[in-house]
Amino acid sequence: MNPPASLPLPPSLYADTAVAPTPAPPLDGDKNVSIAIIGGGFTGLSTALHLAEQGVDATVLEAQQPGWGASGNNGGQVNPGLKHDPDQIEADFGSELGGRMIAFSYGTTNYTFDLIRRYQIPCEARQNGTLRAAYNDASAARIENTARQCIRHGMPVTLLNREQMREMTGTDRYLCAMLDNRGGDLHPLSYARGLARAAIAAGAAVHGDTPALSLSREGAGWRIATPRGIVRAEKVLLATNGFTDDLWSGLRRTIVPVFSSIAATAPLSGEVARAIMPTRPVLYESGHITVYYRIDQHNRLLMGGRGPMRWISKPSDVAYLIRYAERLWPGVKGATWTHGWNSRLAITPDHYPHVHEPADNLLISLGCNGRGVALSTAMGAQLARRLIGGGSAALDMPITGIKPMALHAFWPIGVTAAVVAGRVRDRLGM
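Residues numbered from 1 in each chain as written. Predicted model: local features only at pLDDT ≥ 70, side-chain atom pairs only at ≥ 80, totals over all residues. Heavy atoms only, no water.

We now examine the pairing of strand E11 (residues 229–238). With respect to burial, E11 is a largely interior element, 8 of its 10 residues being buried. Of the strand pairs in this sheet, strand E1 (residues 31–38) and E11 are connected by 7 bridges, and their pairing is parallel. Along E11, the bridge assignment pairs Ile37 with Leu237. Taking the residues between adjacent antiparallel strands as the criterion, strand E10 (residues 221–226) and E11 are bridged by 2 residues. For E11 and strand E18 (residues 362–366), the ladder comprises 3 bridges, and the chain directions are parallel. (Buried < 20%, exposed > 50% of the residue type's maximum accessible area, 1.4 Å probe, protein only. Helix = DSSP H or I, 4+ residues; strand = E, 2+ residues; numbered from the N terminus. Pairing = 2+ DSSP bridges.)

A separate point is the nonpolar core. In this structure, Leu51, Tyr191, Leu195 and Met397 are the most contacted members of the largest nonpolar core, which totals 59 residues. Here the element with the most residues in this core is helix H10 (residues 372–389); it accounts for 8 residues. Those residues in contact with Leu195, other than ones at most four positions away along the chain, are Phe42, Leu45, Ser46, Leu49, Leu115 and Ile121. (Core = buried A, V, L, I, M, F, W, Y, C linked by side-chain atoms within 4.5 Å. Contact = heavy atoms within 4.5 Å.)

This paragraph deals with the pattern of salt bridges. Summed over all chains, the structure comprises 16 salt bridges. Put simply, Asp185 and Arg126 hold a salt bridge, and the shortest N to O gap is 2.7 Å. In this pair, Asp185 sits in strand E7 (residues 184–185) while Arg126 sits in the loop between helix H4 (108–119) and strand E4 (130–134), placing the two residues 59 residues apart along the sequence. Both residues of the pair, Asp185 and Arg126, belong to the buried class. Connected through salt bridges with shared partners, the residues Glu96, Arg100 and Asp396 form a single ionic network. (Salt bridge = Lys/Arg side-chain N within 4 Å of Asp/Glu carboxyl O.)

With that out of the way, let us pick up unusual backbone geometry. Even without being a glycine, Gln120 presents a positive backbone phi close to 50°. Along the chain, the position of Gln120 falls in the loop between H4 and E4. Judged by its relative accessible area of 64%, Gln120 falls in the exposed class. The phi dihedral of Asn361 falls on the positive side, at around 65°, and the residue is not glycine. Tracing the chain through its elements places Asn361 in the loop between strand E17 (354–359) and E18.

Structurally, the position occupied by Ser105 is in helix H3 (residues 86–106). Within the structure, the side chain of Ser105 is placed 2.8 Å from the backbone oxygen of Met101, a separation counted as a polar contact. (Polar contact = N/O pair within 3.5 Å; in protein donor to acceptor, adjacent residues only side chain to side chain.)

Next up on the list: the confidence of the model for the protein chain. Taken as a whole, the protein chain shows an average pLDDT of 94; of its residues, 93% reach a score of 70 or greater. Long-range and interchain partners of residues 419–426, a stretch whose pLDDT sits below 50, account for 14 contacts in this model, where long-range means more than four residues apart. (pLDDT = per-residue confidence, 0-100.)

Okay, the packing of aromatic side chains next. Under the counting rule described, the total for this entry stands at 9 aromatic pairs. With 5.2 Å between their ring centres and 75° between their planes, Tyr14 and Trp341 make a pair best called edge-to-face. With Tyr14 in helix H1 (residues 13–17) and Trp341 in strand E16 (residues 337–347), the pair connects residues that are 327 residues apart, well separated along the chain. Ring centres 5.9 Å apart and planes at 70° place the aromatic pair Trp222 and Trp248 in the edge-to-face group. Pair noted here: Trp222 is in strand E10 and Trp248 is in the loop between E11 and strand E12 (256–265), with a separation of 26 residues, a long-range link. The pair Trp222 / Trp248 is uniform in exposure class, with both members buried. Ring-pair connections join several aromatic residues into one group, and the members of that group are Trp68, Phe243, Phe259 and Trp311. (Phe/Tyr/Trp six-rings, centres within 6.5 Å; stacked < 30°, edge-to-face > 60°.)

This is how it looks when you write it as structure tokens:
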């Protein structure tokens, strides 16, 4: 059976500027491995790296090439924490597990930047902070509440007022923001390729253009069929996130694969670039429909947010992001917008990451809910520990059952309606 044709990378700024990929040839022939990982994004690559560091025979099977999906096409923001505030996490999971989840999730950015330094991954990484910003009274109240909780937990966060935000961002749009100095940014496709390179150097195998066609039991282990060979593994990790299919029954219907879009400018003039985010933190807005942005190391402005629930290929496909940038900084008017692209990320109904163990020696991790860069990197270490140690190796995330959503087939309609409703609520200050 011939493998399906490889798909080109989305037409992103990253595809045009990333470091060269490490060869990840397709699997050609049968193979026996200790652990097979299906999915070559941050989660799969980080897990492979952490397994290989400990001498475990790990093989990654990626349908396209490492970083092809949302891992290599996201906003490049390295943000700490989970979607929910610390108090909510403890209310949902109790003080013991909830406390571990808080400590782990808010520590993911430091973990990620440390890993980048340790492996000398060239990916334009900067730890210049994350701003969670409010532009109406309702979101300002939410951010003030979040900041109080984080400060109570001893986190290095600061609540900034309107004047401080004007200085930090170059716009008077925001009432306040929480600055977390542990956040930052990077070039996501270069980072994905760097993780693949590090994993291979440590002893892992990474096969691109190798989709998993079926997954079935074979004795105490697993049999994975691919176009040109069979992989037999003692244990399997499924890490397919926004591109989850029907490889495991019901799993696809546990997440909503939402498109997130980005538009990028050519390098801005020095005067304009200096006026926008002069200390170069990243920012995401605390609204029902999130907009996020940053200035990269080459003075390009990257604006991201919800766009069409289909693939896009040019800046005009997300013209609303360009108009919003011009509203925030009139000096951006007349700038050349060179790229517009998107990819699919996984949203879970409860907005928590989902880890499942539906069968012996099968682990599943998906649903970063827009915080994938740091969260999935750090989850790689946790998942590797679980794959090696089994049930005796506790995770700092809950392991839950697979719960398919009702009416999942209608997710495009539901997402579109939610985006419209969210924008209305944001305009009304709800």
